[in-house]
Amino acid sequence: MNFLYPGFLFALLTVAIPVIIHLFNFRKFKKVYFSNVAFLKEVKEQNSSREKVKNLLILLCRILAIVFLVLAFARPFLPSGSKIDQNRGNIVSIYIDNSYSMEAVNKEGSLLDEAKRKAKEIVKAFQINDRFQLLTNDFEGKHQRLLNGDELLQAVDEVKIFCESSIATGQSTGSKVFLLGRVTVLST
């Protein structure tokens, strides 16, 4: 197990605080004299053993709370046993919003054409051994597989405006997705 921020492990020294409080928690009891002291000694011994166990459990809970809090800040992780193969390349998902609103026109043309141009720029920025996945509002099966750069460029050219009325006629099924932006890139 490794830690993302191992410097926080020095905070484990704070575990000493509840231990010190526990050790120096001397309670001065007031002595009260009774006529039958033997009976009271038996009751006192039962109560003191329960209190010791209770105090030890409280101490243990306090120590564990501090330890887990410090470990949470240190952010432990298990390193991956597999080596990363640089020849295999990245897997990049590109989302193009092809909803009806992308038919709007700005100074460079329609918003869909601009999104396609940006997607092509993103593809060209990656290396030849990287694989891509194209995501659109169609949610078609052909978009669920990984493509190389040339295949993705061809698939980007085929993206058309997705009309929501096709759901009503039963041509395709899917759920609505609300995203911020026109091109989203997810890389692993």
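Our structure is the block above this text.
What counts as what
Numbering of residues starts from 1 in every chain and runs along the sequence as written. Two thresholds apply to this predicted model, a pLDDT of at least 70 for residue-level local features and 80 or more for giving and counting side-chain atom pairs, whereas whole-chain, interface and lining totals are computed over all residues. The basis for every side-chain value is the complete set of non-hydrogen atoms in the structure, without hydrogens or water. Helical segments are the DSSP runs of H or I of at least four residues, strand segments are the runs of E of at least two, and each set is numbered from the N terminus. Here the term buried applies to any residue with accessible area under 20% of the maximum for its type, exposed to any over 50%, and partly exposed to those in between, with areas from a 1.4 Å probe on protein chains only. By definition in these notes, contact holds between two residues if any of their heavy atoms fall within 4.5 Å. Surface exposure here means Shrake-Rupley accessible area, sampled with a 1.4 Å probe, where a residue is shielded only by the protein chains that are shown. Here a salt bridge means any side-chain nitrogen of Lys or Arg lying within 4 Å of a carboxyl oxygen belonging to Asp or Glu. Nonpolar cores were defined as sets of buried Ala, Val, Leu, Ile, Met, Phe, Trp, Tyr and Cys residues, with membership established by side-chain atoms within 4.5 Å. Two strands qualify as a pair provided that DSSP identifies no fewer than 2 bridges between them. Whether two aromatic rings pair depends on their centres lying within 6.5 Å, for rings of Phe, Tyr and Trp, where Trp uses its six-membered ring; planes under 30 degrees apart make the pair stacked, over 60 edge-to-face, and the rest tilted. Charge assignment in this entry is limited to Lys and Arg as positive and Asp and Glu as negative, and neither His nor the chain termini are counted. Polar contact is the term for a pair of N or O atoms within 3.5 Å; when the atoms are in protein, one must be able to donate a hydrogen and the other to accept it, and sequence-neighboring residues count only if both atoms are side-chain atoms. Multiplying 1.5 Å by the helix residue count minus one yields the expected span of that helix.

K.L.:
I'd like to hear about the overall build of the chain, residue by residue, with values.
P.N.:
Looking only at helices and strands, the chain features 5 helices and 7 strands. Element order for the chain, N to C, with α for helix and β for strand: β-α-α-β-β-β-β-α-β-α-α-β. Relative to its 188 residues, the chain shows a buried fraction of 21%. When contacts within the chain are restricted to residue pairs at least 6 apart in sequence, those whose partners lie at least 24 apart make up 74%. In the structure as shown, the chain presents an accessible area of about 14,700 Å², 61% of it carried by carbon and sulfur atoms.

K.L.:
Describe the pattern of salt bridges, and please don't skip the residues or the numbers.
P.N.:
Enumeration over the complete set of coordinates arrives at 2 salt bridges. With its nearest N and O atoms 3.5 Å apart, the salt bridge here joins Glu114 to Lys118. Here Glu114 and its partner Lys118 are both found in helix 3 (residues 111–125), 4 residues apart, which amounts to about one turn of the helix. Classification of Glu114 by relative accessible area gives buried; the value is 16%. Between Lys120 and Asp157 there is a salt bridge, with its nearest N and O atoms 2.4 Å apart. In this pair, Lys120 is assigned in helix 3 and Asp157 in helix 4 (residues 149–157), connecting sequence segments 37 residues apart. Taking relative accessible area as the criterion, Asp157 reaches 43% and is therefore assigned partly exposed.

K.L.:
Just give me the short version of the nonpolar core, but keep the residues and values in it.
P.N.:
The biggest cluster of nonpolar side chains holds 17 residues, and the ones touching the most others in it are Ile94, Ile96, Phe132, Leu134, Leu152 and Val156. Elements supplying a minimum of two residues to this core: strand 3 (91–96), helix 3, strand 6 (131–135) and helix 4. Here this core takes 6 residues from helix 3, the largest share from any one element. Look past the residues within four positions of Val156 in its chain and what remains in contact with it is Ile96, Lys116, Ala119, Lys120 and Leu134.

K.L.:
Explain the pairing of strand 3 residue by residue, including any values.
P.N.:
Of all 6 residues in strand 3, 5 are buried, a share of seventy percent or more. Two strands pair when backbone bridges link them, and strand 3 and strand 6 are joined in this way by 5 bridges, in the parallel orientation. Residue pairing across strands places Ile94 opposite Leu134, the latter belonging to strand 6.

K.L.:
Could you give me a rundown of the packing of aromatic side chains, with the residues and numbers involved?
P.N.:
Counted by the stated rule, this structure contains 3 aromatic pairs. On the basis of an interplanar angle of 85° and a centroid distance of 6.3 Å, the ring pair of Tyr5 and Phe8 is categorised as edge-to-face. The exposure class assigned to Phe8 is partly exposed, which follows from its relative accessible area of 39%. An aromatic cluster is present here, built from Tyr5, Phe8 and Phe73 joined pairwise through their rings.

K.L.:
Please give an account of unusual backbone geometry that cites residues and values.
P.N.:
Phi at Arg75 takes a positive value of approximately 50°, unusual for a residue other than glycine. By the element assignment, Arg75 lies in the loop between helix 2 (37–74) and strand 2 (76–77). In this structure Arg75 comes out as partly exposed when scored by relative accessible area, which is 45%.

K.L.:
Explain the side chain of Asp130 residue by residue, including any values.
P.N.:
Its location among the elements puts Asp130 in the loop between helix 3 and strand 6. Arg131 provides the closest opposite charge to the buried, unpaired Asp130, separated from it by 7.7 Å. A polar contact of 2.7 Å, which involves the side chain of Asp130, links it to the backbone nitrogen of Asn90. Every residue in contact with Asp130, bar those within four places of it in the chain, is listed here: Gly89, Asn90, Leu147, Asn148 and Gly149.

K.L.:
Could you give an account of helix 3, naming the residues involved and the relevant values?
P.N.:
Across its 15 residues, helix 3 extends 21 Å between first and last C-alpha, which sits within 8% of the 21 Å expected from 1.5 Å per residue. Within helix 3 the residues assigned to the buried category are Leu111, Leu112, Glu114, Ala115, Lys116, Ala119, Ile122 and Val123.

K.L.:
Could you give me a rundown of the side chain of Gln133, with the residues and numbers involved?
P.N.:
Tracing the sequence through the fold places Gln133 in strand 6. Reaching out from Gln133, the side chain makes a polar contact with the side chain of Ser93 at a distance of 3.2 Å. Residues in contact with Gln133, not counting those within four places in the same chain, are Val92, Ser93, Ile94, His143, Gln144, Arg145, Leu146 and Leu152.

That's the geometry; what it means functionally is another story.
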